[in-house]
Amino acid sequence: MEPCGRMGQDVNKLEAEPEPVVSISATRSPGFVSLPVRDAEVGDITIRRALPQAICQLVGAWCFLDHFGPHEIGAGPGLRVGPHPHTGLQTVTWLFDGEVLHRDSLGSIRLIRPGQLNLMTAGQGIAHSEETPEKHSSHLHGLQFWIALPETDRHISPAFDHFAELPGFAAEGLHITVIVGEAASYRSPARVYSPLVGLELRAQQSGQRRIALNPAFEHGLLVVAGKLSADGRRLENSDLHYFGAGRTHIELYNQSPFCAFLFGGKPFGEEILLWWNFVARDSDEMRIAIDDWKSHSARFGEVRGYDGDRLVAPALKGDLHAPSR
Ligand code: MN
């Protein structure tokens, strides 16, 4: 099968010393490929970065995926990511264990717990911080995704939404939570700007399950806990599993309890640049965003109440180019 994209360079650090990353939209190729996830540092925590990948930059508009934990943080500080800006994307935070406190330049302050969704729409620009709250449980485990905004919506005003409950249903012996998009007749209240789906799948009992897919979508599957097979092949928890568009279903099999995250979308069809915390279309936009952050522009505003420094934008050397296909 064809890989779903190519990239120029790698990004290993989210908030410090990032390298330029060039994203190109995915091709439509039915099939199933397992891509190793690499380690990266966020604050003092080592996380696993599942997207972007060397040969798979985007899954629909999902352009970035960090899987953090399970970490034993005890009474320690846990996650501490100081104020930093975003443009051109939405962040999706989903926890399996623990708590994260979000603050942003709109004045939002929101604690998120497992089963809840924090959705931040950066649009033209926003700043936020993320931290383990002072009073916290001893574990931290969750996901953070970025969703690229399409050309038509990428300059919209920023917004922050918290959803304390999301629709869920039982099917095929699974419990399915609809975090983004829809499944069966259940629809997430979260507003996204391109056709997407994001589902948490859980099962307590062993079994064979047939998961219906939208064939217009490409999909990614991350096994969060337990062991799972798809189409008769073991899915390593250390990999991101990519299913090209054109599939009507996945056959899943588990012998023990598992939790997985299935996400997908219509192939994005726009070339994007992803660099530091920005999604943009050219180097000039990146430079303007960096300058606006450095100059404390009203575009990003200020995050109040975080006990620590704001993150420093790295220098952008040269131009970012999307590689030719
Ligand atoms: Mn962020």
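Quick caveat, the model's predicted, so the values are computed rather than measured.

## A short note on the overall build of the chain
Item 1. Scanning the chain for helices and strands turns up 1 helix and 27 strands.
Item 2. Across the 325 residues in the chain, those meeting the buried criterion constitute 59%.
Item 3. Relative to all contacts within the chain whose residues are 6 or more apart in sequence, the contacts with residues 24 or more apart total 74%.
Item 4. Working note: accessible area of the chain is about 13,200 Å², and carbon and sulfur atoms make up 48% of it.

## A closer look at the coordination of the manganese ion
Item 1. Distances from the manganese ion to its protein donors, His 84 (NE2), His 86 (NE2) and His 128 (NE2), fall at 2.1 to 2.2 Å.
Item 2. Sequence positions of the donors to the manganese ion reduce to the motif H-x1-H-x41-H. Here the residue His 86 occupies a position in strand β6 (residues 80-86), and His 128 occupies one in strand β11 (residues 126-131), the gap between them amounting to 42 residues.
Item 3. On the accessibility criterion, His 128 (1% relative accessible area) is buried.

## Details of the nonpolar core
Item 1. The biggest cluster of nonpolar side chains holds 45 residues, and the ones touching the most others in it are Leu 51, Trp 62, Cys 63, Leu 65, Leu 117, Phe 145 and Phe 263.
Item 2. Per-element accounting of this core gives the leading share, 5 residues, to strand β12 (residues 139-148).
Item 3. The residues touching Leu 117, leaving out its near neighbours within four places in the chain, are Val 92, Thr 93, Trp 94, Ile 112, Asp 161, His 162, Phe 163, Leu 166, Ile 179 and Ala 190.
Item 4. Membership of the second largest hydrophobic core comes to 28 residues, among which are Leu 79, Met 286, Leu 316 and Leu 320.

## Examining unusual backbone geometry
Item 1. Backbone torsion omega between Leu 51 and Pro 52 reads -5 degrees, so that peptide bond is classified as cis.
Item 2. Its location among the elements puts Pro 52 in the loop between β4 (45-51) and β5 (62-72).
Item 3. Here Gly 69 and Pro 70 are connected by a cis peptide whose omega angle stands at 5 degrees.
Item 4. Its identity is not glycine, yet Glu 172 carries a phi of approximately 55 degrees, on the positive side.
Item 5. Mapped onto the elements of the fold, Glu 172 is located in the loop between β14 (168-171) and β15 (174-180).
Item 6. Taking relative accessible area as the criterion, Glu 172 reaches 44% and is therefore assigned partly exposed.

The rules behind the values
- Residues numbered from 1 in each chain as written.
- Predicted model: local features only at pLDDT ≥ 70, side-chain atom pairs only at ≥ 80, totals over all residues.
- Heavy atoms only, no water.
- Helix = DSSP H or I, 4+ residues; strand = E, 2+ residues; numbered from the N terminus.
- Buried < 20%, exposed > 50% of the residue type's maximum accessible area, 1.4 Å probe, protein only.
- Contact = heavy atoms within 4.5 Å.
- Areas by Shrake-Rupley, 256 points an atom, 1.4 Å probe, with all protein chains shown as cover.
- Donors = N, O, S within 2.8 Å, 3.2 Å for Na, K, Ca; no water.
- Core = buried A, V, L, I, M, F, W, Y, C linked by side-chain atoms within 4.5 Å.

This is a description of form; function is not addressed.
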